[in-house]
Amino acid sequence: QTIYLKDYKPPEYLIHDTDLNFTLDNESTRVVASLTMSRNPASKADDSALTLLGENLTLVGVQLNGDILSTDRYLQTPEALVIHDVPQHEKFVVTIENTLNPKANTALEGLYLSKNMLCTQCEAEGFRKITYYLDRPDVMSRFTTTLVGDKDKYPVLLSNGNKKAQGELPDNKHWVTWEDPFNKPCYLFALVAGQLECVRDSFITQSGRRIALEIYVEAHDLDKCDHAMQSLKNAMSWDEKTYGLEYDLDLYMIVAVGHFNMGAMENKGLNIFNTKFVLARPDTATDSDYEHIEGVIGHEYFHNWSGNRVTCRDWFQLSLKEGFTVFRDQEFTGDRTSKAVKRIEDVNALRTRQFAEDAGPLAHPIRPDAYIEINNFYTLTVYEKGAEVVRMLHTLLGPQGFRKGCDLYFQRHDGQAVTCDDFVNAMEAANDVDLTQFRRWYSQAGTPVLTVSEHYDSDAQTLSLTLKQDNPPTPGQPRKEPLHIPIKTGLILPDGNLAQCRLQGSDQVSHKIVLELTDTEQTFVFEQLPQKPVISLLRGFSAPVKLKMQRSLEELAFLLSHDPDTFNRWEAGQLLAGRVIAELVDDLQNGRSLEINPVLIEAYLKIAQNCWLDLSYFALLLSLPSEIYLAEQMPVIDVEAIHTAREFVACQIAKHLEDDLRGLYLDNHRDESGCFDAKAIGRRRVKNVCLGYLSKLDDTEIQRWSLKQFDTAKNMTDQIAALSVIVNTQHPARATCLDAFYRQWRDEALVLDKWFALQATASPPDTFDAVERLLKHPDFDLKNPNRVRSLVGSFSQANPLHFHAANGQGYRFLADRIIELNTLNPQVASRMIGALTQWRRYDEARQALMKGELERIMSTEAISKDVYEVASKSLA
Ligand code: ARG
Ligand code: ZN
């Protein structure tokens, strides 16, 4: 059944103290929960029954104020425990005893077993799989947790907060009591028990407090924690410097687990991470892995304020903490690496995946107003578009104004569970502005389309810019109101310099201004322009919109060589390449022969021959738009034509730029063990982009280069880049290299994930057979989400050419896996539907095949809420 935001009611009861006692066992863990409760004065309901939520639990007994309740005093349903009469005017204590089976919990929600380690994932609604509780984020409580377990099986016993006491027990058991001094909702609860090793460090806060930092991993991974530890310290000082926010407990723990549905979880004082976002050694992790680790460590750390100290009132408000925290982690990574590159990477992700979501059957506002299964709403929209909405506030208010708003938000709401509106209210109050219209970004789904037309009047020396916004309908929202859209703008003169922007009716004069579009259509007039400038619009991608603007290829080439805005400069190149590829797609579809447009070659030559300081940025400038991005631009996606046209362009660039590319490869090729500094990373990126192009030439010398790079690489970035080239070009050593890589890395799960993913995303014709074979590989495991994502996820979401094979074998393969996963792990199953939800974007034959598979999924016996919601909405 559907849950609606409009039905929100405050909780009927409060839980002041939560006392948990766990007797740990892999197959039967016993939980005794003592909850000190009272009526919530803010609740208007007059029901003397208390409903606690619980799932998959075996109830042993219930007590009220120490008295055992007979079974007629309470009612048990599959999803709840209802205690008929509880005191209405004073505090009371409910004590519940139950057992559960962590080993049988393949959904990895609640308390579960990852290899031999017990761990938890409670967000969003997993705590109810541990014990009966008011499992909702606006019930905040003080937690004390005692863990009891076998000393050999569980030498390490962790939970939130500070360790208060510990001791020994008979039968080779021991116990530890943890106390978290901060009130928190139960979704932030965590426990970990197992044979773990620890890496320790410390951090001194701005106020001089010493915080103990601990990262827990399996012994085998102890040598892969340095980067995560350094990242944590970087994040802690960044948040002090940027937001004035300091850590609040004396201890910060991170545990890496191999089975995890998502990336990581910000449990108070005890973050639990997917190993993928902790473990790194130069020979096992790529430069991008290193960056993602720092980003996710930062993300979870930043949640301590944006999420934990101030949390969400209900799950419709998820973007309150996620959008804000993603914005914070994006800025952190931008500061730590290259702002230009980070912005481009984020926009790429947004425009390929989130725009597709926003244009499809599952489109929802960043604050959804209805859901069946909340786990389905940890989406690109809530996270990534949510971050864009926060970024727009930052743009509109300026860095200082934004910071003032944040300060007020944390000051007003520390210790509370609040709403997105509270966040915007704080921004308004701190800056004395009216954000009424801006709030529509929270309630309207869909990507606005911005159409631009310009008119230059040489007599009047004015440039008029007319901006029109279209907000296309989305499911359940046929009609929309205009949005408040900040558009960063610059005017570039023929000599490449920025002109002063003098906007009619405003006395502000500046080289860079922010136009605020609030109406459906608005004209802005720039004055005193003796020469016609080239407009650089939506600089830094200042709003999550689709920009439609008539531009000649020459104008794009001009921006590509002159726009000082790094985002728009790169964007000009992408638009140029995109246009050329689109024309070739058209040629292919109409049986014309392909010819490369010389404007593109000239533009790429110019890039290649320029001298760049930021080599990672240079590598991005050299790269063509992805097939997925190109597909997103087409009315009806033609995967084969896109692939062929893009390959053709890549070949032509390789041919025409061969000397430059060879030179760049050799100049940037160093024998390095993979140090993580911007220069070295940049060199590797440039070199590997060049190798990618050169490999299209079918040249035996280049084949030798790739093989040599593969054989001698001392870092994973270079090794996997070379292997990727080898796998995708039918290199004679293809099979040997894949096998060598497997044998070298068979004991490193995260590297094996790369081995699976590389083969799943390959372009050679035998890819589908390889994927089917890999499914039967002894190292494939449907119960491990990372492995599922690396094979099934990569194939369906990152290999359009083969996934969309005309005979439907890709679709059938995916649906079979989803049906299997539906019983094992509904969250992962429902994520895997992703590629099928986009069926309307393809030709009729493919539409029918994809719909057929969705219908087959819908008829799965015992279909989970997760899968049901996504599949049924996709078909609706
Ligand atoms: N709060 C976590 C993060 O973004 C994500 C947890 C998602 N869990 C889930 N079951 N959907 O950092
Ligand atoms: Zn988060």
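Residues numbered from 1 in each chain as written. Chains lettered and ligands numbered in written order. Predicted model: local features only at pLDDT ≥ 70, side-chain atom pairs only at ≥ 80, totals over all residues. Heavy atoms only, no water.

Undergrad: Looking at this structure, how should I read the overall build of the protein chain?
TA: Each helix and strand counted, the protein chain has 27 helices and 33 strands in total. Radius of gyration (C-alpha) of the protein chain: 28 Å, near the 29 Å computed for a compact globule of 876 residues. Along the first, second and third principal axes, the C-alpha set of the protein chain runs to 85 × 70 × 60 Å. Of the contacts made within the protein chain by residues no fewer than 6 positions apart, 70% connect residues no fewer than 24 positions apart. (Helix = DSSP H or I, 4+ residues; strand = E, 2+ residues; numbered from the N terminus. Rg over C-alpha atoms; globule rule 2.2 N^0.38 Å. Contact = heavy atoms within 4.5 Å.)

Undergrad: What is the right way to read the pairing of strand β19 (residues 251-257) from this model?
TA: Looking down a regular strand, the side chains alternate between one sheet face and the other. With seven of seven residues buried, β19 lies mostly within the body of the structure. Both strand β18 (residues 210-217) and β19 contribute to a ladder of five bridges, which runs parallel. Among the inter-strand pairings, I215 is bridged to a residue of β19, identified as I254. (Buried < 20%, exposed > 50% of the residue type's maximum accessible area, 1.4 Å probe, protein only. Pairing = 2+ DSSP bridges.)

Undergrad: Looking at this structure, I do not really get the sheet that holds β19. What am I missing?
TA: Whenever strands of a sheet pair, they do so through backbone hydrogen bonds, lying parallel or antiparallel. Strand order in this open sheet of five strands is β17-β18-β19-β21-β20, and the pairing throughout is mixed. In this open sheet, the two strands that pair with only one neighbour each are β17 (197-204) and β20 (264-265). As judged from the five bridges shared by β19 and strand β21 (residues 270-274), these two strands associate in the parallel manner. Counted as the bridge partner of I254 is N271 from β21. Strands β19, β20 and β21 of the sheet are contacted by helix α2 (residues 287-302), whose axis makes an angle of about 150° with β21. (Axes fitted to C-alpha atoms, helices over the stretch in contact; angles between N-to-C directions.)

Undergrad: Help me understand the coordination of the zinc ion (ligand 2) in this model?
TA: Protein coordination at the zinc ion (ligand 2): the donors are H299 (NE2), H303 (NE2), E322 (OE) and E322 (OE), at 1.9 to 2.7 Å from the metal. Classification of the site at the zinc ion (ligand 2) as irregular follows from its six donor atoms and the range of 47 to 160° in their angles at the metal. For the zinc ion (ligand 2), all donor residues lie on one chain, and their spacing in sequence is H-x3-H-x18-E. Separated by 19 residues along the polypeptide, H303 in the loop between α2 and β22 (311-312) and E322 in helix α3 (residues 318-336) bring together distant segments of the chain. (Donors = N, O, S within 2.8 Å, 3.2 Å for Na, K, Ca; no water. Tetrahedral: all angles 85-135°; square planar, octahedral: opposite > 155°, others 65-115°.)

Undergrad: What's the story with the site of ligand 1 in this structure? I'm lost.
TA: Near ligand 1 lie 15 residues; those nearest to it are E123, E266, E300, E322 and Y383. Contact between ligand 1 and H299: an oxygen atom at 3.3 Å from a side-chain N or O atom of the residue. A distance of 2.6 Å is found between an oxygen atom of ligand 1 and a side-chain nitrogen or oxygen belonging to Y383. Here ligand 1 has 350 Å² of accessible area as a free molecule, and 97% of this is covered by the chains. Among the elements of the structure, β20, α2 and α3 are those that each provide at least two residues to the shell around ligand 1. Class assignment for the residues of the shell around ligand 1 results in five nonpolar, five polar and five charged. (Near = heavy atom within 4 Å. Polar contact = N/O pair within 3.5 Å; in protein donor to acceptor, adjacent residues only side chain to side chain. Areas by Shrake-Rupley, 256 points an atom, 1.4 Å probe, with all protein chains shown as cover. Nonpolar A, V, L, I, M, F, W, Y, C, P; charged D, E, K, R; others polar.)

Undergrad: Sorry, what's going on with the packing of helix α10 (residues 598-609) against helix α11 (residues 615-622) here?
TA: Angle between the axes and distance between the axes: these two values describe a pair of packed helices. Between α10 and α11, the least distance of the axes is 10 Å, while the angle of their chain directions is 165°. Taken together, the axes of α10 and α11 are roughly antiparallel relative to one another. Judged by the sense of rotation from one axis to the other, the crossing of α10 with α11 is left-handed. Each of Y604, I607 and A608 in α10 lies in contact with α11, whose residues at this interface are F618, L621 and L622. Partitioned by chemical class, the residues of the contact of α10 with α11 number six nonpolar, no polar and no charged. (Parallel < 35°, antiparallel > 145°, perpendicular 65-115°, else oblique. Left-handed = near helix turned anticlockwise from the far one by under 90°.)

Undergrad: Quick question: what am I supposed to make of the environment of I130 here?
TA: Structurally, I130 can be placed in the loop between β11 (117-121) and β12 (141-150). Judged by its relative accessible area of 0%, I130 is buried. Distance in space between the C-alpha atoms of I130 and G54 is 7.5 Å, their sequence separation being 76 residues.

Undergrad: Explanation requested: the pattern of salt bridges in the structure shown.
TA: Two side chains carrying opposite charge are able to pair once their charged atoms lie near each other. Counting across every chain of the model gives 61 salt bridges. E555 is paired through a salt bridge with R551; the nearest N and O atoms lie 3.9 Å apart. Residue E555 is classed as buried on the basis of its relative accessible area, which comes to 15%. Two residues, R734 and D766, come together in a salt bridge whose shortest N-O distance is 4.0 Å. Separated by 32 residues along the polypeptide, R734 in helix α18 (residues 734-745) and D766 in the loop between α19 (749-760) and α20 (767-775) bring together distant segments of the chain. Look at R734 and you get buried, because its relative accessible area is 16%. Residues participating in the shared-partner salt-bridge network are D221, D223, K224, R281, D283 and E748. (Salt bridge = Lys/Arg side-chain N within 4 Å of Asp/Glu carboxyl O.)

Undergrad: Got a minute to help me understand the packing of aromatic side chains in this structure?
TA: In this description, a pair of aromatic rings is defined by centroid distance and the angle of the planes. Counted by the stated rule, this structure contains 43 aromatic pairs. Relative to W755, the ring of Y742 lies with its centre 4.9 Å away and its plane at 40°, an arrangement referred to as tilted. With Y742 in helix α18 and W755 in helix α19, this residue pair connects regions lying 13 residues apart in the sequence. Just as Y742 is buried, W755 falls in that class too. When the ring centre of Y8 is taken as origin, the NZ or CZ atom of R313, which lies over that ring, is 3.7 Å away. Taking NZ or CZ as reference, R328 lies 5.5 Å from the ring centre of F324, over its face. (Phe/Tyr/Trp six-rings, centres within 6.5 Å; stacked < 30°, edge-to-face > 60°. Lys NZ or Arg CZ within 6 Å of the ring centre and 35° of its normal.)

Undergrad: Would you take a moment to explain unusual backbone geometry for this structure?
TA: Of note, the amide linkage connecting E123 to A124 takes the cis form, showing an omega dihedral of -5°. Residue placement: A124 occurs in the loop between β11 and β12. Although it is not a glycine, D171 sits at a positive phi angle of roughly 60°. You can see D171 is positioned in the loop between β14 (162-169) and β15 (173-184).

Undergrad: Is there a simple way to explain the environment of I487 in this structure?
TA: On the secondary structure map, I487 appears in strand β27 (residues 485-492). Measuring from C-alpha to C-alpha, the distance between I487 and Q411 comes to 31 Å, with 76 residues separating the pair along the chain. Residues in contact with I487, not counting those within four places in the same chain, are L450, L467, I513, V514, L515, L517, L537, L538 and S542.

Undergrad: Even after reading the chapter, I still don't get the sheet that holds strand β10 (residues 110-114), so can you show me in this structure?
TA: If you trace the four strands from one edge of the open sheet to the other, you get β10-β11-β16-β13, paired in antiparallel fashion. Every interior strand has two partners, whereas the edge strands, β10 and β13 (156-159), have only one. Neighbour to neighbour, the strand axes of the sheet diverge by 15° on average, direction disregarded. Pairing geometry for β11 and strand β16 (residues 191-194), over two bridges, is antiparallel. Of the residues in β16, the one forming a bridge with L118 is A193.

Undergrad: Could you clarify how one ought to interpret the side chain of N40 in this entry?
TA: Here N40 is to be found in the loop between β3 (29-39) and β4 (50-53). By relative accessible area, which is 9% here, N40 ends up buried. Polar contacts involving the side chain of N40 include one to the main-chain carbonyl oxygen of P11, which spans 2.8 Å. If we ignore the near neighbours within four places in the chain, the residues touching N40 are P10, P11, E12, Y13 and L14.

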